[in-house]
Amino acid sequence: WGKLALEYKGQKALFSGSIPLQYDGQKLEVTARGDWKPDFSGTLETRVKGVLDGEKVALELKGPWNALELSGTWPRYNTQLSGRLALPELTYRATVRAKVESYPVRLDARGNGDEYTLEGQIQGDEGGTVRLSGRDLSTWNAVAENFKTRGVNLNGKLENGPNGLNGALEGRVSDIPFNLN
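Residues numbered from 1 in each chain as written. Predicted model: local features only at pLDDT ≥ 70, side-chain atom pairs only at ≥ 80, totals over all residues. Heavy atoms only, no water.

This part covers the packing of aromatic side chains. Across all of its chains, the model carries three aromatic pairs by this definition. Each ring, one from Trp36 and one from Phe40, has its centre 5.5 Å from the other, and the planes form 85 degrees; the classification is edge-to-face. Since its relative accessible area comes to 28%, Trp36 is described here as partly exposed. Arranged with centres 5.5 Å apart and planes meeting at 90 degrees, the rings of Trp74 and Tyr77 form a pair that is edge-to-face. Taking relative accessible area as the criterion, Trp74 reaches 24% and is therefore assigned partly exposed. Exposure remark for Tyr77: the relative accessible area of 33% places this residue in the partly exposed category. (Phe/Tyr/Trp six-rings, centres within 6.5 Å; stacked < 30°, edge-to-face > 60°. Buried < 20%, exposed > 50% of the residue type's maximum accessible area, 1.4 Å probe, protein only.)

In C-alpha cells form, the structure reads like this:
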C-alpha cells in the first residue's frame, strides 16, 4: 500500500513507510511508523506534509495509542491545531486557532465517540466577541457581545434546537439600528 510496509509478529503489527495522499487535486505525503497490539499498546508516529494552495501544511499524530498527541499548522489562515486522542476509548479533545479574514477564531472540541461538545469564539476586528457552543449542527447557541466589525455592531443570543431557531439580535449597521426577534 504505497511504500508502507506492514508486518505481523505474533500479536503485534509493525508498520513503517509512506503513502501518497491527494486532497482537492493537490499531493500530500503521509509517513507513519509504529507498532500496535490488540490491547492498543504500542506507539504511533505519523506525519502529513505537503503544499495546499501554495502553502506548506503539516499535521502530526504521535505517542502511545492511549494518549496520541495531535498538532498541525496551515499558514494560510494562521491556523494552529493541537489535541489529544485516546484509543480504544475514542476520547478526544482538540483546539483550533486561526485568523479568518481579520477575525481571530478559536474552536475547542471534546468528546467520546460520536458524543461531543464544541465551544468557540470569534473576535470582532473592532472589538467584542461571538461565543459559540453546541453538540452538533442542529443543537447550538451563539452569543454576540458588542461584536463590532466594518460598521456593524451586534448583541444578542440565538439558539437552535428541537424547536427551531430562537433568540434575538440587536445592533447597528452604519448607524441604522435593527432588532430581530
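There is more to say, and it comes next.
The next subject is unusual backbone geometry. Cis peptide bonds are those with omega within 30 degrees of zero, and the linkage from Leu87 to Pro88 qualifies with 5 degrees. Note on placement: Pro88 falls in the loop between β7 (79–86) and β8 (91–100). One non-glycine residue, Asp24, lies in positive phi territory at about 50 degrees. Tracing the backbone through its elements, the reader meets Asp24 in the loop between β2 (12–23) and β3 (26–36). On the basis of relative accessibility, which here comes to 64%, the residue Asp24 falls in the exposed class. (Helix = DSSP H or I, 4+ residues; strand = E, 2+ residues; numbered from the N terminus.)

Once that is clear, we can look at the pairing of β3. With eleven bridges joining them, β2 and β3 adopt antiparallel strand pairing. Bridging across to β3, Pro20 finds its partner in Glu29. Hairpin connection between β2 and β3: a loop of two residues separates the two successive antiparallel strands, and Asp24 in this loop has a positive phi of roughly 50 degrees. Examined bridge by bridge, β3 and strand β4 (residues 43–52) share seven bridges and lie antiparallel to one another. Among the inter-strand pairings, Ala32 is bridged to a residue of β4, identified as Thr46. (Pairing = 2+ DSSP bridges.)

A word on the side chain of Asn160. Examined against the element boundaries, Asn160 turns out to sit in strand β13 (residues 152–161). Asn160 gets classed as buried once you look at its relative accessible area, which sits at 19%. Reaching out from Asn160, the side chain makes a polar contact with the backbone oxygen of Ser138 at a distance of 3.2 Å. Beyond its immediate sequence surroundings of up to four residues, Asn160 is in contact with Leu137, Ser138, Thr139, Trp140 and Leu165. (Polar contact = N/O pair within 3.5 Å; in protein donor to acceptor, adjacent residues only side chain to side chain. Contact = heavy atoms within 4.5 Å.)

Next up on the list: the environment of Thr129. Relative to the helices and strands, Thr129 resides in strand β11 (residues 129–136). Its relative accessible area of 16% is what places Thr129 among the buried residues. For the pair Thr129 and Asn146, spaced 17 residues apart in the sequence, the C-alpha separation amounts to 6.7 Å. Leave out the neighbours within four places in its chain, and Thr129 touches Gln121, Ile122, Gln123, Val143, Ala144, Glu145 and Phe147.

A few words on the confidence of the model for the chain. Interpreting fine coordinate detail is not advised for predicted regions of low pLDDT. Looking at the chain, pLDDT values average 93 and 99% of them are 70 or higher. Averaged pLDDT values over the elements of the chain bottom out at 91 in strand β15 (residues 176–180) and peak at 96 in β7. (pLDDT = per-residue confidence, 0-100.)

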